[in-house]
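Tertiary structure, described
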Amino acid sequence: MDPDLQKKITEALRDPKNLGEMPDADAIGTVGNSDCGEMLRMWVKFKEQNGRKVIDRATFQSFGCETAIAVASLATELIRGKTVEEALALKTEALAGELGPLPPMKIHCAQLVEGALRSALDPANATGATSAAGAKTVSTAVKGSNLVDSLNPQSKPAGVKIVFLDPKKPQS
Ligand code: FES
């Protein structure tokens, strides 16, 4: 990896922002990459600002890859104060922010963050959201669960939705 990029990632990892679960989140998105086994969950909280619904804060948990953690740290800062539409308009490069262009083998790490954000901003994944069939799409148990809980078959609550990204397909 480019030493300059490695240095920026190391700096971002020294003090990652917005790490951890958010028990009172309004929405949760979880994505996985079956090729490298990385998973990332993002929690989002909204607020009203000047008559607009904007992202108040976002947090994340991730397994493994340093690049995904660094991008998630930057992205959760970047989306603060943005509307859902503005946040969805941010592509992988924008979310990676000051890390700059990522090498081809690391682009999917940023796509994992983009995927988690898109999943969290999907109205179907709002905590307490009601599906067309009238079922709660995210249970209270999921709302309070962390990423480790979801992988533990003993504590896996019903209704966890993990989206596995297709690394060959660009995120829309
Ligand atoms: Fe797969 Fe980073 S190596 S997400």
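Our structure's up above, just so we're on the same page.
Residues numbered from 1 in each chain as written. Predicted model: local features only at pLDDT ≥ 70, side-chain atom pairs only at ≥ 80, totals over all residues. Heavy atoms only, no water.

Burial of strand β2 (residues 39–49) is extensive: eight of the eleven residues sit out of reach of the surface. By the bridge criterion, six bridges tie strand β1 (residues 27–32) to β2 in an arrangement that is antiparallel. Across the sheet, residue Gly32 finds its bridge partner in β2, namely Met39. Where β1 hands over to β2, the hairpin turn is made up of six residues, of which Gly37 adopts a positive phi near 80°. Inspection of the sheet shows β2 paired to strand β3 (residues 52–63) by eleven bridges, in the antiparallel sense. Its bridge partner being in β3, Lys47 is matched across the sheet by Val54. The antiparallel hairpin formed by β2 and β3 contains two residues in its connecting segment, where Asn50 sits at a positive phi of about 50°. (Buried < 20%, exposed > 50% of the residue type's maximum accessible area, 1.4 Å probe, protein only. Helix = DSSP H or I, 4+ residues; strand = E, 2+ residues; numbered from the N terminus. Pairing = 2+ DSSP bridges.)

Turning next to the nonpolar core. Ranked by internal contacts, the top residues of the largest apolar core, which has 36 residues, are Leu40, Val44, Val71, Ile79, Leu99 and Leu121. Secondary structure elements with two or more residues in this core: α1 (3–14), β1, β2, β3, α2 (66–78), α3 (84–88), α4 (92–96) and α5 (107–121). Sort the elements by how many residues they give to this core and α5 lands first, with eight residues. The residues contacting Val71, other than those within four sequence positions of it, are Leu95, Ala96, Leu99, Leu102, Ala110 and Val113. (Core = buried A, V, L, I, M, F, W, Y, C linked by side-chain atoms within 4.5 Å. Contact = heavy atoms within 4.5 Å.)

Take the pattern of salt bridges next. One pass over the full model with this rule turns up ten salt bridges. A salt bridge links Lys8 to Asp4; its shortest N-O distance comes to 3.6 Å. Of this pair, Lys8 and Asp4 both sit in helix α1, four residues apart, which is roughly one turn of the helix. Since its relative accessible area comes to 29%, Lys8 is described here as partly exposed. Here Arg57 ties to Asp56 by a salt bridge, and the two come within 3.9 Å at their closest N and O atoms. With relative accessibility at 30%, the residue Arg57 sits in the partly exposed group. According to the relative accessible area criterion, Asp56 is partly exposed, its value standing at 25%. (Salt bridge = Lys/Arg side-chain N within 4 Å of Asp/Glu carboxyl O.)

To continue, consider the packing of α2 against α5. Contact geometry of α2 with α5 gives a least axis separation of 8 Å together with a crossing angle of 45°. Taken together, the axis directions place α2 and α5 in an arrangement best described as oblique. The element α2 and its partner α5 pack so that their crossing is right-handed. On the side of α2, the interface is formed by Thr67, Ala68, Val71, Ala72 and Ala75, while α5 contributes Cys109, Ala110, Leu112 and Val113. Grouping the amino acids of the contact of α2 with α5 by side-chain chemistry returns eight nonpolar, one polar and no charged. (Axes fitted to C-alpha atoms, helices over the stretch in contact; angles between N-to-C directions. Parallel < 35°, antiparallel > 145°, perpendicular 65-115°, else oblique. Left-handed = near helix turned anticlockwise from the far one by under 90°. Nonpolar A, V, L, I, M, F, W, Y, C, P; charged D, E, K, R; others polar.)

On to the environment of Thr92, then. Relative to the helices and strands, Thr92 resides in helix α4. Judged by its relative accessible area of 10%, Thr92 is buried. Expressed as a C-alpha distance, the spacing of Thr92 and Val71, which sit 21 residues apart in the sequence, is 9.2 Å. Sequence-distant contacts of Thr92, defined by excluding residues within four places in its chain, comprise Ile107, Ala110, Gln111 and Glu114.

One non-glycine residue, Asn18, lies in the positive phi region at around 60°. Tracing the backbone shows Asn18 in the loop between α1 and β1. You can call Asn18 buried: its relative accessible area is 17%. The backbone phi angle of Asn50 is positive, close to 50°, even though this residue is not glycine.

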